[in-house]
Amino acid sequence: MLHYLKQHYSTVVIGGGQAGLSASHYLKTHGIDHVVFEKKTVAHKWKDERWDAFCLVTPNWQCQLPDHPYDGEDPHGFMVKDQIIAYVDHFVKKVDAPVLEGTSVTSVEKMAGGGFTVETSAGTVTADSVVLATSLYSRPAVPRAAERLSDSIIQIHTADYRNPAQLPEGAVMVVGSGQSGCQIAEDLHLAGRKVHMVTGNAPRCARFYRGRDVVDWLADVGQYDITVAHEGMTKKKHDTNHYLTGRDGGRDIDLRKFALEGMELYGRMEGVANGKMLFAANLKSNLDNADRVYNGINGLIDRYIAEKGIDAPAGSPYLPLWEPECEPTELDLAHEGVTSVIWATGFTPDWSYVGLPIFDGTGYPVQQRGVTGIDGIYVLGLPWLWTWGSGRFLAVGKDAEHVVTHLTGYLGGLQPALKQMAGR
Ligand SMILES: Cc1cc2nc3c(=O)[nH]c(=O)nc-3n(C[C@H](O)[C@H](O)[C@H](O)COP(=O)(O)OP(=O)(O)OC[C@H]3O[C@@H](n4cnc5c(N)ncnc54)[C@H](O)[C@@H]3O)c2cc1C
């Protein structure tokens, strides 16, 4: 850890999560002097923003941080929260990055004569290059309709959810059916709580199919090697993650099964009025679309098995266990005993500190595997920066290696130019 600042660094890394630390690992390997600014504490998201029963959705073998692959006894299992924290803490110790914790970067600007000024809560430094590693998960996203809920209803975002006991007695409304929403709804459902759930357009995926984890099949199929350079892949970065779980050794999440067991499901949330939550009439299409993707992925695996002549147990398409009898378009929350609402509505990035024109129309940085159009500015750790694993444990390290190799070349090219400017 660092306790003071120099005036100038070859590289400033912003964000001390696994992406920023992966960059630091390779910067150290290349002998590049740098600092990592982290506004809270290193890798704090795994400690501060995950619920008690949280476990990885990705199998342990996909934990491939640089020089720190998972080496435990359960490569096909799913680490629980404390194990993930231990895995990441071990990486933090190994990297021993020059981090300044509790230091927020408030602006990155280009200097007229070259290089960048980086303003932080601990002072201003200059740098020849900057790695932006602050992720897309900066700020909990909560729709403004939340302001129209009665004060008697407790509202939290998934980032603040810990366990069912944290919520007041009564029914819970979970808004959003992405990975977090589905897993938290399951957590509450297993604890015997009455759960209402707003569904969205998230797809789903089987945990196991034809005798193996679907992730293992997809790895063999080559799915995790596909890059955004492939035709049609550029839009992927805004896709919602598939829902499934690693809980208790891993299983599917089937909202239709939950509905049979008493969970109440609704279509997309349209708003809040007069104590009622309002929904679109698209519950059936949301469930059907999720299952269509589920069967589509299994179909891909079927074709792979057939092509390769692999001897695997038979599989069959998923058939719906339950169908909605109607499309409820409103729910009187007080009348149904709903005392809390969990916003499982995702996160938004916070790039407000970046004073450089590097973003596209959707707010995603324009870059080629982390290398932006502005010399010396790099990005790391975003979903589909390059591959599916770019925003995950699987491939953030590979992207970091690529970025730091490019950055090293860039800094190397700067030295003669700087010497020339200084008349040396
Ligand atoms: C609920 C959830 C479940 C996930 N499950 C899995 C999984 O099963 N498997 C998997 O591989 N991945 C998973 N991920 C994805 C990914 O591994 C994590 O999001 C991981 O935390 C990303 O690491 P990161 O370093 O890119 O970003 P972060 O962990 O978000 O780190 C960014 C850091 O930047 C800091 N920061 C932000 N702004 C500033 C600033 N202006 N100045 C200084 N510091 C700043 C933040 O404090 C933070 O520490 C999951 C993500 C979420 C949200």
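Here the residue numbers are simple positions, counted from 1 along each chain's written sequence. For a predicted model such as this one, the threshold for reporting local features is a pLDDT of at least 70, and the threshold for listing and counting side-chain atom pairs is 80 or more; totals across whole chains, interfaces and linings nevertheless cover every residue. Only hydrogens and water are removed before side-chain values are computed, so all heavy atoms of the structure are retained for them.

### Overview of helix α4 (residues 179-190)
At 3.6 residues per turn, the α-helix brings residues three or four places apart onto the same side.
Working step 1: The terminal C-alpha atoms of α4 lie 16 Å apart, and with twelve residues this matches the ideal 16 Å at 1.5 Å per residue to within 8%.
Working step 2: The rule is simple: take the accessible area with a 1.4 Å probe, protein chains only, and divide by the maximum for that residue type; under 20% is buried, over 50% is exposed, in between is partly exposed. To qualify as a helix, a DSSP run of H or I must reach at least 4 residues; to qualify as a strand, a run of E must reach at least 2; elements of each kind are numbered from the N terminus. The buried fraction of α4 amounts to nine of the twelve residues, a majority that puts the element mostly inside the structure.
Working step 3: Every buried residue belonging to α4 is among G181, C182, Q183, I184, A185, E186, D187, L188 and H189, and all of these are buried.
Working step 4: Of the surrounding secondary structure, the elements contacted by the buried residues of α4 are β11 (171-175), β12 (195-198), α6 (255-260) and β19 (338-343).
Working step 5: Backbone geometry just downstream of α4 places G192 in the positive-phi region, at approximately 85 degrees. Take the residue count of a helix, subtract one, and multiply by 1.5 Å to get its expected span. Contacts: residue pairs with any heavy atoms within 4.5 Å of one another.

### Some details on empty space enclosed by the protein
Working step 1: In the cavity and pocket records, a cavity denotes points on a 1 Å grid over the protein atoms alone where a 1.4 Å probe fits but cannot get out, a pocket denotes an open set with protein on both sides within 12 Å along at least 5 of 7 lines, and lining residues are residues with an atom within 4 Å of a point. Grid points are joined across faces, edges and corners, and a volume is the space filled by probe spheres set on the points. Tallied over the full model, the rule gives one cavity of 30 Å³ or more.
Working step 2: Estimated volume of the largest cavity: approximately 40 Å³.
Working step 3: The wall of the largest cavity is formed by W51, A53, F54, C55, Q183, E186, T245 and R247.
Working step 4: Of the residues belonging to the lining of the largest cavity, the class tally is four nonpolar, two polar and two charged. Under the scheme applied here, ten amino acids are nonpolar (Ala, Val, Leu, Ile, Met, Phe, Trp, Tyr, Cys and Pro), four are charged (Asp, Glu, Lys and Arg), and all others, including Gly, are polar.

### Examining the pairing of strand β1 (residues 8-14)
Working step 1: Counting buried positions over the seven residues of β1 gives six, a clear majority of the element.
Working step 2: By the convention used here, strands pair only if DSSP detects at least 2 bridges between them. Note that β1 and strand β8 (residues 123-132) share six bridges and pair parallel. Bridge pairing links V13 to V131 in β8.
Working step 3: Taken together, β1, helix α1 (residues 18-29) and strand β2 (residues 34-37) constitute a β-α-β crossover, and its handedness is right-handed. Here the term right-handed applies to a crossover when the path leading from its first strand over the helix to its second strand runs clockwise, the strands being oriented away from the viewer.

### Regarding the environment of Q166
Working step 1: Inspection of the secondary structure puts Q166 in the loop between β10 (154-157) and β11.
Working step 2: Ignoring anything within four residues of it in the chain, the contact list for Q166 reads I156, D160 and Y161.

### A look at the site of the ligand
Working step 1: Neighbouring residues of the ligand: 30 residues in total, closest Q18, A19, E38, V57 and T58.
Working step 2: Polar contacts, as used here, are pairs of N or O atoms within 3.5 Å; protein pairs need one atom able to donate a hydrogen and one able to accept it. Residues neighboring in sequence count only if both atoms are side-chain atoms. Between the ligand and A19, the relevant distance is 2.9 Å, taken from an oxygen atom to a main-chain nitrogen or oxygen of the residue.
Working step 3: Using a 1.4 Å probe, accessible areas were evaluated by the Shrake-Rupley method; residue-level cover was limited to the displayed protein chains. For the ligand, whose free accessible area comes to 980 Å², the fraction covered by protein is 93%.
Working step 4: Mapped by element, the contributors of at least two residues to the shell around the ligand are α1 and α2 (45-48). Working definition: residue near molecule or strand if any one of its non-hydrogen atoms lies within 4 Å of it.

### Regarding the packing of aromatic side chains
Working step 1: Any two of the Phe, Tyr and Trp rings considered here, Trp counted by its six-membered ring, make a pair once their centres fall within 6.5 Å; the pair's planes then place it as stacked at under 30 degrees, edge-to-face at over 60, or tilted in between. Under the defined criterion, the tally for this structure stands at ten aromatic pairs.
Working step 2: Summarising the aromatic geometry, the rings of W46 and F393 are spaced 5.1 Å apart at their centres and angled 15 degrees between planes, so their arrangement reads as stacked. Note that W46 is positioned in helix α2 and F393 in the loop between β23 (377-379) and α8 (396-421), a separation of 347 residues in sequence.
Working step 3: Of the residues examined, W46 reaches a relative accessible area of 14% and is grouped as buried.

### Considering the domain arrangement of the chain
Working step 1: An automatic or database domain assignment supplies the start and end points of every domain. For the chain, the domain assignment lists domain 1 (8-138 + 349-422) and domain 2 (140-343).
Working step 2: On a C-alpha basis, the centres of domain 1 and domain 2 stand 30 Å from each other.
Working step 3: Listed as interface residues are 27 residues of domain 1 and, on the opposing side, 32 residues of domain 2.
Working step 4: Two parts placed together each lose some accessible area under a 1.4 Å probe, and adding up what both lose gives the buried area. A buried area of about 2400 Å², summed over both sides, lies between domain 1 and domain 2, and 62% of it is on carbon and sulfur atoms.
Working step 5: Just to be clear on terms, a salt bridge is a Lys or Arg side-chain nitrogen sitting within 4 Å of an Asp or Glu carboxyl oxygen. Our enumeration of links across domain 1 and domain 2 arrives at zero salt bridges.
Working step 6: For the pair domain 1 and domain 2, the interface holds nine residue pairs in polar contact (both at pLDDT 80 or more).

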